[in-house]
Each structure stands twice: as C-alpha cells, then as structure tokens.
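Observations on the three-dimensional arrangement
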Amino acid sequence: MPCPSFPKPAKAYCSITLRLILFMIPLLISSLLAVPAEIINQVNATTAESSYAIARLIMSFVNWTLDMIGQESNPTLYIWLYAISVFGFAFLVGYAIKWIVVWTIGMITPHLKSTIYAQLAEKHLFSRICNIIPPLIFLILIQFTLYAHASVAYWLSKFCWIYIVIIIAMSLTRLTDVIWARIDERANKRKLPLNGLVQLLKLIIWIFATVIISAVMLNKSPGALLAGIGVFASVLMLIFKDSILGVVAGVQLSENDSLHVGDWISIPGSEANGTVTEVSLTAVKILNWDKTTSTVAPYNLITNGFKNYRSMQESNTRRIQRSYMIDADSVVETTPEMLEELSRIPLMKEWIARKLEQRHNGKEEDVKNSAGLADGTIDTNLGMFRAYVMMYLTSNKYIDRTSDCFVTTLAQQGGGIPLQVYCFTNTSSWIPYEGIQALVFEHLAVMLYRFHLYTFENPSGHDTIVDGYLSPGKNPANVFGLPYPFFTDSGTPMNPGIPPAGSDSSPDISSSKPG
C-alpha cells in the first residue's frame, strides 16, 4: 500500500517534532565543536534518510501482514497495525540500548573511584534516562500514519511528549537527590536542615513539569499558562501552606543555626524528647528515648520554641542539680566534742584545723576563703557538711573542674531545708551521667549521719504501725527503724532509737504467735 501525502496541519505538527528530535543533536555538536556546516548537513540528510528507510521497512512489514490476512484495502487497520509495529520497534530498540547502557555501566563502575558516579548508578539514573528513547523513536516514525487518521497520531504524539516530560522530571529529581547527598556529605559539616530546600527544588521541578504537560494537552504556550497562574495564587498558597511555612521555618533554623540532624531536643508541652533524624518541608522527625517517633511541623518549633542540648553535648559536660531535704531539727550548733569527732572524717581534719586557726587569729572567712578553703562554717553541722560535700566534689575524678560547682541551702520548705548540689560531670553521655549522679548522692546519703544530720521523710504506713505499738508503752527496743533522735539525750545517728537506760522491757511482738 503506498503512503499518501500528509494533510497541512499534520505536516506542520510533524515538522516541529522532526526539527526537535532529528536536528537537536547535530546542532548541539556543531555549536560545541564548531563542525563545518557541510558535515552537519550531510549528517542531517543521512539521519532523515535512515528514518524514512526504517519507516518504509515497517510499512512493508504491515503491507505483507495485511496481504496475509486479506485486509490490504483496509486503511483503518493499516493505521493501527503500523502504530503498533512502530511501538514494538521503539520498545525493542529502547530496551536494547538500555541493556547496552546498563552493561557498560556495570563494566565501568568497578574501575571508577568517583563517589558521585557510584551514587548516580545506585539511583539508576542512566537507565531511567534511557526510557526516553522509545517515545522519541515513536515520535519520529509515527508521522507516517498522519495521512488518514491525523487525530489518532496527534494524541499518541501528545501522550509521548507527556511521557518524556515525566521521565525528564523524574530524572532531574533523582539527580537533585544525588547532588544534595554529595553536598550534604562534603560541604554541610554542621548538618544544617537544608533538606527542605531540596524538597522545594523538587517541588518546583514538578510544578514546571505539570505546566508543560498542561501546555501540551491544551496546545498552548507554557508561558501563557505560567502568566495565568497568578490568578490562582491564593489557591496555591492555601494548598501549599504547610510547604511554604516549612521553607520559611527551615531558612530561619538554618540561618540561626538552631537545629541540626542528630541534635537532642525536647519540646515543652509535648512528649517529644530525643534525637532529630530528619528535617523536611512539612515535618521534623524525632526519635524519642523510648524508641517512639514524634513528628512536629517545622514552624511549630519556631513559634512555640524548643530546647536544644547540642551545646551541652559539644561541651562534653552535663549538669547535676539535685537537693536533699534536711530535717531542720537535726541542724545543731557544733561543740568541741563534735569537732573532734568530725575531724576523723576524710578531708575534714585539715579543713577543721585551719578553720580553728583562722578563728583563733580573728579572721573567719566562710565565703571566698583567702586560704583556698571550701566554703562552709564550723558553727553548725550543716555548714560543715556543705564544706565536706564541696571538697568531695572537687576531689571526685568524675566531676568537671572547669565548670561551676557549689553546694548551698535553699529557702526552707514544709519538708525541710533543701541542700542543693550544683555541679557538672565530665561526660555528657546519658548512662555514665546517671551512674555518676547516683554515685555522688549515694555517698552523701551514707555520710549524713556522720554529721548528725538526717533527711525529712513523710509519714508512711510503717510509722502508723509503730505509733500504734508504742502508744500503750511498749518497749521501743523491739521496733526496727526508729528515726534519730527518737529519745531525748539518747541515741545517735550511728545507733538510732536506743531507749534510755533502765526503761521497761516488753516482749518482742515479732516472735509472738496469735491466740
């Protein structure tokens, strides 16, 4: 079946397609390498002749097929069979080229040390680009069916262009991911939350792709469509509100260096408390310490605020700020006997001797001592305990000596006098920090009684039972855990609850049996 001449509209559309596809590569080579025009014209003529030769070959195959089934005079069947044959040929050629490219990349990759090339290969960017080849071949060859069914070829060509735009957009987004990964690895040393900007760039790519696809479908210029988008600006702002706020918040976080991936943050009023794992346009993902994940909008961090522990981690220190509630009844004046007793405690002998020497010389310095002694007074057992705790912290190898460290008493409360310890450990790691803090306060707990001090505790069920047992006059010797001082002029923190000599002895109820 001969190929009739094309209608004028079809010829015009076909001419544009051929100019874009057949002459783009030779013109690019000509501009870059300054190849003589005669050679370029010869290449163009050869390319066009090859296209017509392939088209004639496919037409011959279609004619032969129609002759075999006795439908050689059916123009509609001829058009569709030719289109299917062109599609099959384009698919086979594209698959063959894609296989060659993938095989070549597989051979080259082991010999290349380029990181960016390895990332491009890992993202399958080259094989993705090869997917453009079948629709290009289809566009070149489908023009020969326009003579009878121009509308069919017209829409098939549009679908091909839409497919090409989608493949190009997907390839550009993958290329953007690779470039960003490279920049994030080498240049973004501070781990700034710039991933949102990358997502914005990919969003712009897809917006342009959508505009071009719409222009192809409506047969209009993309510039005219872009000019008309201004009318729908308010609608677009409503649709992309979270993305716009996310971009603004991301820029502010990056500009102020407020948040990095890997930072430990906590957000007041929420359960989010952990490590930042991802910062995107619409969400900040936080891996909490209980292995759950919290998601927060970036602009919420800007508007509501958050606490970042990065500076603490970078200083490799962490604060201890905890109090013991000292019962006010146990705070007493010191006596010479008490001073002699306390001198036997490690770290206290020299301190007491030098404080007594300063008192003898009429130079008492309980704060900012000129001799370098720890702050504290020898007038009360609590003042001496403050000095002991300060010396203990100073000599502790786990306490940082370059950070603030002091021991003080806070305003008295209903539960006693708060004795506050304020210092910094020489590590910011969580588990060692907890161990050091426990070590310090366990030591202080066992040293309180050495200074005739005890902590305040609220009454418990045990105290109620003891009160009920002792009220009728039972012997306290049979009760375990009586607080100190329980009796006047009797008992010490070392031996709490000793009854006065000669008191009545009652039977031990712990060994008695009912009935």
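Numbers given for residues are sequential positions, taken from 1 along each chain in its written order. pLDDT decides what is reported in this predicted model: residues at 70 or higher carry local features, side-chain atom pairs at 80 or more are listed and counted, and totals for whole chains, interfaces and linings draw on all residues regardless. Calculation of side-chain values draws on the structure's entire complement of heavy atoms; hydrogens and water are dropped beforehand.

**Some points on the overall build of the protein**
Applied cut-off: Strands here are runs of E lasting at least two residues and helices are runs of H or I lasting at least four, both read from the DSSP assignment and numbered beginning at the N terminus. Burial classification: accessible surface area is computed with a 1.4 Å probe over protein chains only, and a residue below 20% of its type maximum counts as buried, one above 50% as exposed, and the rest as partly exposed. Should any heavy atoms of two residues lie within 4.5 Å, those residues are counted as being in contact. Residue-level accessible areas treat just the shown protein chains as cover; the underlying method is Shrake-Rupley with a 1.4 Å probe.
If you tally the helices and strands in the protein, you get 19 helices and eight strands. The burial tally for the protein puts 36% of its 515 residues in the buried class. A fraction of 62% describes how many contacts in the protein between residues 6 or more apart in sequence connect residues 24 or more apart. Per element, the accessible surface of the protein, about 30,200 Å² overall, is 62% carbon and sulfur.

**Notes on the confidence of the model for the protein**
Quick note on the threshold: A score between 0 and 100, pLDDT records how confident the predictor is in each residue.
With 67% of its residues at a pLDDT of 70 or more, the protein has an overall mean of 74. The secondary-structure element of the protein with the lowest mean pLDDT is helix H1 (residues 8-22), recorded at 39, while strand E8 (residues 417-425) shows the highest, at 95. Note that pLDDT drops below 50 for residues 1-37; the model gives that stretch 46 contacts with residues more than four away or on any other chain. Per-residue pLDDT stays below 50 along residues 493-515; that stretch engages in 30 contacts with residues further than four places along the chain or on separate chains.

**What about the nonpolar core?**
Selection rule: In this text, buried Ala, Val, Leu, Ile, Met, Phe, Trp, Tyr and Cys residues form a nonpolar core when linked through side-chain atoms within 4.5 Å.
One finds Met 348, Trp 351, Phe 385, Tyr 388, Leu 393 and Phe 451 to be the most contacted residues of the largest nonpolar core, which totals 37 residues. Elements that contribute at least two residues to this core include exactly strand E6 (318-326), helix H15 (336-342), helix H16 (348-360), helix H17 (381-395), E8 and helix H18 (430-447). Counting residues per element, this core draws most heavily on H17, at 10 residues. Excluding its chain neighbours within four sequence positions, the residues that come into contact with Phe 385 are Leu 419, Leu 444, Met 447, Leu 448, Phe 451 and Leu 453.

**Quick look at the packing of H16 against H17**
Going by this rule: Structural elements are reduced to axes, namely lines fitted to C-alpha atoms, with helices fitted over the stretch in contact, and the angle between N-to-C directions of any two is expressed from 0 to 180 degrees. Comment on the angle field: the value is read as roughly parallel under 35 degrees, roughly antiparallel over 145, roughly perpendicular from 65 to 115, and oblique elsewhere. With the far helix as reference, a near helix turned anticlockwise by less than a right angle produces a left-handed crossing, and one turned clockwise produces a right-handed crossing. Classification convention: Asp, Glu, Lys, Arg as charged; Ala, Val, Leu, Ile, Met, Phe, Trp, Tyr, Cys, Pro as nonpolar; all other residues, Gly among them, as polar.
Direction vectors running N to C along H16 and H17 enclose 130 degrees, while the axes themselves pass 11 Å from each other. Between H16 and H17, the angle falls in the class oblique. Where H16 crosses over H17, the handedness of that crossing is right-handed. Between H16 and H17, the contacting residues are Met 348, Trp 351 and Ile 352 on the first element and Met 384, Ala 387, Tyr 388 and Met 391 on the second. Per-class residue counts for the contact of H16 with H17 are seven nonpolar, no polar and no charged.

**Details of the pattern of salt bridges**
Selection rule: Any Lys or Arg side-chain nitrogen located within 4 Å of an Asp or Glu carboxyl oxygen qualifies as a salt bridge.
This structure, assessed with the given rule, holds six salt bridges. In this structure, Asp 263 and Arg 310 form a salt bridge, with 3.0 Å as the shortest nitrogen-oxygen distance. Of this pair, Asp 263 sits in the loop between helix H12 (241-255) and strand E1 (264-266) while Arg 310 sits in helix H14 (residues 310-315), and the two are 47 residues apart along the sequence. In this pair, the class of Asp 263 matches that of Arg 310, namely buried.

**Considerations on unusual backbone geometry**
Positioned with a positive phi, Lys 291 is a non-glycine residue whose angle comes to about 70 degrees. Along the chain, the position of Lys 291 falls in the loop between strand E3 (284-288) and strand E4 (293-296). Classification of Lys 291 by relative accessible area gives exposed; the value is 69%.

**Regarding the side chain of Thr 334**
Worth spelling out the cut-off: Think of a polar contact as two N or O atoms within 3.5 Å of one another; within protein, one of them needs to be a possible hydrogen donor and the other a possible acceptor, and neighboring residues in sequence only count if both atoms come from side chains.
When you line up the elements, Thr 334 lands in the loop between E6 and H15. For Thr 334, the side chain forms a polar contact with the main-chain oxygen of Ile 378, separated by 2.5 Å.

**Here we look at H17**
Filter applied, for reference: In this scheme, a helix's expected span is set at 1.5 Å multiplied by one less than its residue total.
With 15 residues, H17 extends 21 Å between its outermost C-alpha atoms, agreeing within 8% with the 21 Å of an ideal straight helix rising 1.5 Å per residue. Taken as a whole, H17 has its buried residues at Asn 381, Leu 382, Gly 383, Met 384, Phe 385, Ala 387, Tyr 388, Val 389, Met 390, Met 391, Tyr 392 and Leu 393. Where H17 is buried, its residues touch E6, H15, H16, strand E7 (406-409), E8 and H18.

**Considering the environment of Gly 262**
Looking at the secondary structure, you find Gly 262 in the loop between H12 and E1. For Gly 262, a relative accessible area of 39% gives the class partly exposed. Considered as a pair, Gly 262 and Val 276 are 14 residues apart in the sequence and their alpha carbons are 5.1 Å apart. Apart from the residues within four sequence positions on either side, Gly 262 is in contact with Thr 275 and Val 276.

**A word on the packing of H17 against H18**
The interhelical angle for the contact between H17 and H18, taken along N-to-C directions, is 145 degrees, at an axis separation of 12 Å. In the packing of H17 onto H18, the handedness of the crossing is right-handed. Here Phe 385, Tyr 388, Val 389, Tyr 392 and Leu 393 of H17 come into contact with H18, specifically with Leu 439, Val 440, His 443, Leu 444 and Met 447. By residue class, the composition of the contact of H17 with H18 is nine nonpolar, one polar and no charged.

**Brief notes about a nonpolar patch on the surface**
Just so we agree on the cut-off: Put simply, a patch holds well-exposed residues, over 30% relative accessible area, that have no salt bridge, with like charges counted together within 9 Å and Val, Leu, Ile, Met, Phe, Trp or Tyr side chains within 5 Å.
A cluster of nonpolar residues, Phe 87, Phe 91, Leu 92, Tyr 95, Trp 99, Ile 100, Trp 103, Met 107 and Ile 108, forms a patch on the protein surface that exposes about 1,100 Å² of accessible area. Its place among the elements puts Trp 99 in helix H4 (residues 75-108).

**Structural notes on the pairing of E8**
Using the following cut-off: Note on pairing: two strands pair once DSSP finds at least 2 bridges between them.
Here E8 lies mainly inside the structure; nine of its nine residues are buried. Of the two faces of E8, the one holding Ile 417, Leu 419, Val 421, Cys 423 and Thr 425 and the one holding Pro 418, Gln 420, Tyr 422 and Phe 424 are both buried throughout. As paired elements, E6 and E8 share nine bridges and run antiparallel to each other. In the sheet register, Gln 321 faces E8, and the bridge partner there is Tyr 422. Sheet topology places E7 next to E8; four bridges connect them, and they run antiparallel. Looking at the pairing, Thr 409 lines up with Leu 419 of E8.

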